[in-house]
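Secondary and tertiary structure notes
The chain contents come next:
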Amino acid sequence: MRTHFGRRFTFFTIVVALALLSSPTDAQQPPNTPTSAASSRVELTAGRSTVLASDFDITRIAVTNPNVADATVVQPREILIDGKAPGTITLIVWGGNNRTQYDVVVSAAVSSLQQQLAQLFPGEDIHVSMNEETVILSGNVSTNAIMLRAGEIAEATSTKSGVINMLQLPGGSESQQVLLQVRFAEVNRRALQELGVSIFTSAIGFKNTWGRATTQQFSAPGFSDLSSKKEGGELTEVTGELTFSDFLNLFFLSPKYDIGAAIRALKSSGVFQSLAEPNLIAYNGQEASFLAGGEFPVPVVQGTTGAVSIQFKEFGIRLNFRPTIAGDVIRLRVRPEVSSLDFANGVTLGGFRVPALTTRRAETDVELRDGQSFAIAGLLDNMSQEDSAAIPILSKLPIIGALFKSKATRAARTELMVLITPRLVRPLDPDEVPALPTKPGSFLPSENIGGELQGGGGTADAPKVP
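Here's a quick rundown of the structure.

About the cut-offs
- Here the residue numbering is sequential within each chain, running from 1 through the sequence in written order.
- Only residues with pLDDT of at least 70 get local features here, since the model is predicted, and only at 80 or more are side-chain atom pairs given and counted; chain-wide, interface and lining totals rely on the full set of residues.
- Excluded from the side-chain calculation are hydrogens and water; included are all heavy atoms of the structure.
- Secondary structure elements follow DSSP: runs of H or I no shorter than four residues count as helices, runs of E no shorter than two count as strands, and numbering proceeds from the N terminus.
- In what follows, a contact means two residues having at least one pair of non-hydrogen atoms within 4.5 Å.
- When DSSP finds two or more bridges between two strands, those strands count as paired.
- A fitted line through C-alpha atoms serves as each axis, taken over the contacting stretch for helices, and the angle formed by two N-to-C directions is quoted from 0 to 180°.
- The rule is simple: take the accessible area with a 1.4 Å probe, protein chains only, and divide by the maximum for that residue type; under 20% is buried, over 50% is exposed, in between is partly exposed.
- Here the arc refers to the directions that run from the helix axis out to each C-beta atom.
- Helix span is expected to be 1.5 Å times the residue number reduced by one.

**Brief notes about the environment of Glu 295**
Mapped onto the elements, Glu 295 comes out in strand E19 (residues 288-301). Taking the C-alpha atoms as reference points, Glu 295 and Phe 315, 20 residues apart in sequence, are found 6.0 Å from one another. Each residue touching Glu 295, except ones within four places of it in the same chain, is listed here: Phe 312, Lys 313, Glu 314 and Phe 315.

Here's what the structure looks like:
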């Protein structure tokens, strides 16, 4: 009897203990509450999709920002995720007693420019990033040519307004500023030859005859106030005046024979040389300009009101350049220009004489190392003009026919040369600035007026300077 009771008591104790152990877990976890799992990471590229598989039947999903990525249940245990824009969102999935959370990371799509650069330059570390207005190239390349070519391809293929080339070269210079030393030289040579003869009589004539022979190429004397009187068929009085605007080079007149001549025989030459030596500093990739000259006014008539306004046009020696630093090589885009006023080909507008411009311009791209030079020469302007005039029939006569001819020959040659030397520069640190020369003797001696003041004030009451 005791043995049977003891067995029952032991069995009852075990059952109660198992019930006590299992009751807290059941109380804490209701049968219908879903379980949570740790967040998983899903990565995809903007513009592409991926399929996410689940271990349970899906009843509901939610995403935090559908503009970055959107999700759609396509099968009881499959979710289609579409990447739309770069960013990170959270995807929560429910099903039965389960709940799972995912971090969906959408990265920027690889642009066509990135793919093109990877194909053209395999093995180079070139990265392309874009914003609304700019394309940025970053990374490391092996040669200057690859760096420059990559920038040119980005400028040609991109629709953005600007390209920033930040590609690095091994051993490249840290300087980002270029000093351009420029020398302009212009040589202008001129030659002139003129030959002509004007034959004329005096104002009273030669044997009662007035006469003049000229080709009108050069100025010749003229007659004024000519008059004569006759009595009985005989000439009794002759009066008149000779007017001269230019005596030319040679002039003679015989009062005895009343005949003269004005000869134009001239030969001249000239040489003109101008020189400018500007030094310009520009930042890498930025344009700098220089102008040594001036501005001249140009009247502009308004179409509606007819009022005349003045605009100023520049002329002189101008230089525009833009440097691109590629390691130890400097690529320069230079545009030198020399212009001068040309009044001979100008126009008259509203009573104003507006000159034309004679311009010589060149534009080129060159590659140089620090301290190397290049010259732009051969900008020649040659002009040759020959004018001749002759009196018909008389100019064909032998020997004396040359007296009835005139000739003028003009020749001019202008040559422009530009010598350019780029240098990499950097600002000086305070301890690198050289001391300025000082000459105390060249300054006026100081006068200690404050030390003479009485009763305080000035430097008299100030502490003495050791």
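Next comes the rest of the write-up.
**Topic: the sheet that holds strand E3 (residues 49-53)**
Judged by pairing direction, the sheet is antiparallel, and its three strands sit side by side in the order E3-E6-E5 without closing on themselves. Only two strands of the sheet have a single partner each, and these edge strands are E3 and strand E5 (69-75). Here the average twist between neighbouring strands, direction ignored, is 25°. One ladder, built from five bridges, connects E3 with strand E6 (residues 78-83); its direction is antiparallel. From the neighbouring strand, Val 51 faces E6, where its bridge partner is Leu 80.

**Remarks on helix H2 (residues 112-120)**
Burial in H2 covers these residues: Leu 113, Gln 114 and Leu 117. Considered in projection along H2, the buried side chains sweep an arc of 100° and stay on one side of the axis. For H2, the exposed residues set more than 90 degrees away from the buried face come down to Ser 112 and Gln 119. Looking at the buried residues of H2, the elements they touch are strand E9 (125-130), strand E10 (134-140) and helix H3 (144-157).

**With respect to H3**
Taking 1.5 Å per residue, 14 residues should reach 20 Å; H3 reaches 20 Å between its end C-alpha atoms and fits that length. Here H3 has its buried residues at Asn 144, Ile 146, Met 147, Leu 148, Ala 150, Gly 151, Ile 153 and Ala 154.

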